[in-house]
Amino acid sequence: MPLVLKNTLSQLLFLTPLFYAAVVVGSIIELYVPAPLTHSLINSNPILAISLAACAGLILPIPRYATYPIALSLLATGASYGVILALISGEVVFESLARDALEIKLFGLKFFSLRAVVSLLLIIITGVITDLIL
Amino acid sequence: MNISDILILSAHTFLKLFPFVIVAVFISQLLKHYLAKKHIHTKIKENTGNEAAATITGILTPGPLISYLPILKELKDRGLPVSIIAAFITGQTLIGPVRLFLETGYFGWQFFAFRVVSALIIGIVVGFVFKLVAKVTQF
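Residues numbered from 1 in each chain as written. Chains lettered and ligands numbered in written order. Predicted model: local features only at pLDDT ≥ 70, side-chain atom pairs only at ≥ 80, totals over all residues. Heavy atoms only, no water.

### Observations regarding the overall build of chain A
Which entries qualify depends on this criterion: Going along the chain from the N terminus, every DSSP run of H or I of four or more residues is numbered as a helix, and every run of E of two or more is numbered as a strand. Remark: exposure states derive from per-residue accessible area (1.4 Å probe, protein chains only) relative to the maximum for the residue type, with buried under 20%, exposed over 50%, and partly exposed in between. Residue contacts are counted whenever heavy atoms from the two residues lie within 4.5 Å of one another. For every accessible area listed, the method is Shrake-Rupley and the probe measures 1.4 Å; residues are considered covered only by the protein chains on display.
Within chain A, the regular secondary structure consists of seven helices and zero strands. Going from the N terminus to the C terminus, chain A shows its helices and strands as α-α-α-α-α-α-α. Counting all 134 residues of chain A, 48% fall into the buried class. Considering only contacts in chain A between residues 6 or more positions apart, those separated by 24 or more positions represent 75%. Split by element, the accessible area of chain A, about 6,200 Å² in all, is 78% carbon and sulfur.

Listed below in structure tokens is the structure:
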């Protein structure tokens, strides 16, 4: 148990500044991105909004758990659950450079690329389905 | 842009959300410490040929994927199909037991249930695509 507590503390020390930074970004979005802008984007083309969210999740170097405050702020400004699902799922596909590098080293670039492309397409499709149902 | 507004809202959001992160990190460390890697190793081997079971095993497996990649490589070298490995990795990356606390806390049970179902579908389809592609090319 002391080792678990020590590792938890060490993880929290690493994570807290990143998490707080994500909360600040989320607050800026909530305060300054006008809700009608988000609404109009989603209402005009939900597939585009979901695709953009999935790609943002893939590209942005957001650490584990730090996506949630940003996703929550987007939800507050009118983003749909499909967009949130795509953002969170997109983020975890390319979560860490170290992990991606090891996956490529052990299984090859072809394996990694195919998994990423197929996952991305399916994330967009499930995002659209989520929007239709929720 | 008003800095004090941003800081007040940030502090409010941080205090609301951070307890979930503390619980999630603690549980992930607890699972990492007490769940033997040998158990995961056996589970994946048992599920050879079944992408759905591999995806579910991935979803239920805690901790960072990076610690399982060397085991998966060893299993691949011993003949485990790449479709099973791809399904496991996909399930493991998309959902983890720890996310249950975070996502239900932030977005509710319905949303988390959707995420689990979508991860299951994505894992199975990724495994199926790898099965097809593995017939024409080597990984």
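Next comes the rest of the write-up.
### What about the overall build of chain B?
Along chain B, the regular secondary structure elements total seven helices and zero strands. Shown N-terminal to C-terminal, the secondary structure of chain B runs as helices and strands in the order α-α-α-α-α-α-α. Residues classed as buried in chain B amount to 49% of the 139 residues present. The contacts in chain B between residues at least 6 apart in sequence include a share of 77% that link residues at least 24 apart. Counting only carbon and sulfur atoms, one obtains 68% of the accessible surface of chain B, whose full area is about 6,500 Å².

### Quick notes on helix α1 (residues 2-32) of chain A
Under the convention used in this document: Expected helix span is computed as 1.5 Å times (number of residues minus one).
When the terminal C-alpha atoms of α1 of chain A are compared, their 44 Å separation across 31 residues agrees well with the 45 Å that a helix rising 1.5 Å per residue should span. Listed in full, the buried residues belonging to α1 of chain A are V4, T8, L12, L15, F19, A22, V23, V24, G26, S27 and I29 of chain A.

### Focus: the nonpolar core
The condition that has to hold: Each nonpolar core is a collection of buried residues, namely Ala, Val, Leu, Ile, Met, Phe, Trp, Tyr and Cys, held together in the definition by side-chain atoms within 4.5 Å.
Membership of the largest hydrophobic core comes to 69 residues, with the highest contact counts inside it found for V21, Y106 and F107 of chain B. The contact partners of F107 of chain B, leaving out residues within four places of it in the chain, are Y68, A71, L72, L75, Y81, I84 and I88 of chain A.

### Concerning helix α5 (residues 81-93) of chain A
Residue and element names in this part refer to chain A. Here α5 is 13 residues long and its end C-alpha atoms lie 18 Å apart, about the 18 Å a rise of 1.5 Å per residue gives. Burial analysis of α5 places twelve of its 13 residues in the buried class, the great majority of the element. Those residues of α5 that sit buried are G82, V83, I84, L85, A86, L87, I88, S89, G90, E91, V92 and V93.

### Some words on the interface of chain B and chain A
Operational definition: Put simply, buried area is how much 1.4 Å-probe accessible surface two parts lose in total, over both of them, once they are put together. Whenever a nitrogen or oxygen atom comes within 3.5 Å of another N or O atom, the pair is scored as a polar contact, on the condition that within protein one atom can donate a hydrogen and the other can accept it, and that pairs from neighbouring residues in sequence are kept only if both atoms are in side chains. In the scheme used here, Gly and all other residues not listed as nonpolar or charged are polar, with Ala, Val, Leu, Ile, Met, Phe, Trp, Tyr, Cys and Pro taken as nonpolar and Asp, Glu, Lys and Arg as charged.
The interface of chain B with chain A comprises 56 residues on the first partner and 53 residues on the second. Summing the contributions of chain B and of chain A, the shared interface buries around 5,100 Å²; its carbon and sulfur component is 80%. If you sort the residues of chain B by the area they bury against chain A, R99, F107 and F114 of chain B come out on top, with a joint share of 12%. In this assembly, chain B and chain A are joined by five residue pairs in polar contact (both at pLDDT 80 or more). Only α1 (3-34), α4 (69-77), α5 (82-94), α6 (99-107) and α7 (109-133) of chain B provide two or more residues apiece to the side of chain B that touches chain A. The greatest single-element share of the side of chain B that touches chain A, amounting to 18 residues, is contributed by α1 of chain B. Split into classes, the residues belonging to the side of chain B that touches chain A amount to 37 nonpolar, 13 polar and six charged.

### Here's the deal with the packing of α5 of chain B against α7 of chain B
Residues and elements named next belong to chain B. Formally: Helix axes are fitted to C-alpha atoms over the stretch in contact, other axes to C-alpha atoms as well, and angles between N-to-C directions run from 0 to 180 degrees. The cut-offs work like this: below 35 degrees is roughly parallel, past 145 is roughly antiparallel, 65 to 115 is roughly perpendicular, and the gaps in between are oblique. Each crossing gets its handedness from the near helix: less than a right angle anticlockwise from the far helix is left-handed, clockwise is right-handed.
Here α5 crosses α7 at 155°, and the two axes come no closer than 8 Å. The angle between α5 and α7 places the two elements in the roughly antiparallel class. Once α5 is placed against α7, the crossing between them reads as right-handed. Counted together, V82, S83, A86, A87, T90 and L94 of α5 and R115, A119, I122, G123, V126, G127, F130 and K131 of α7 form the full contact between these two elements. Its residues assigned to classes, the contact of α5 with α7 shows eight nonpolar, four polar and two charged.

### A word on the packing of aromatic side chains
The following threshold applies: Note on ring pairs: Phe, Tyr and Trp rings are taken, using the six-membered ring of Trp, and paired if centres are within 6.5 Å. Classes follow the plane angle, with under 30 degrees stacked, over 60 edge-to-face and the rest tilted. The rule for a charge over a ring is simple: NZ of Lys or CZ of Arg within 6 Å of the ring centre, and within 35 degrees of the ring normal.
Taken as a whole, this structure holds twelve aromatic pairs over all chains when the rule is applied. An angle of 85° between the planes, with centres 6.4 Å apart, marks the rings of Y68 of chain B and F88 of chain B as edge-to-face. Here Y68 of chain B, found in the loop between α3 (51-60) and α4, pairs with F88 of chain B, found in helix α5; they are 20 residues apart in sequence, far enough to count as distant. Ring geometry for F130 of chain B versus F139 of chain B: centroids 5.1 Å apart, planes at 35°, classification tilted. Ring-pair connections join several aromatic residues into one group, and the members of that group are Y68 and Y81 of chain A together with Y106, F107 and F111 of chain B. Lying across the ring of F139 of chain B, K110 of chain A places its NZ or CZ 5.8 Å from the centre.

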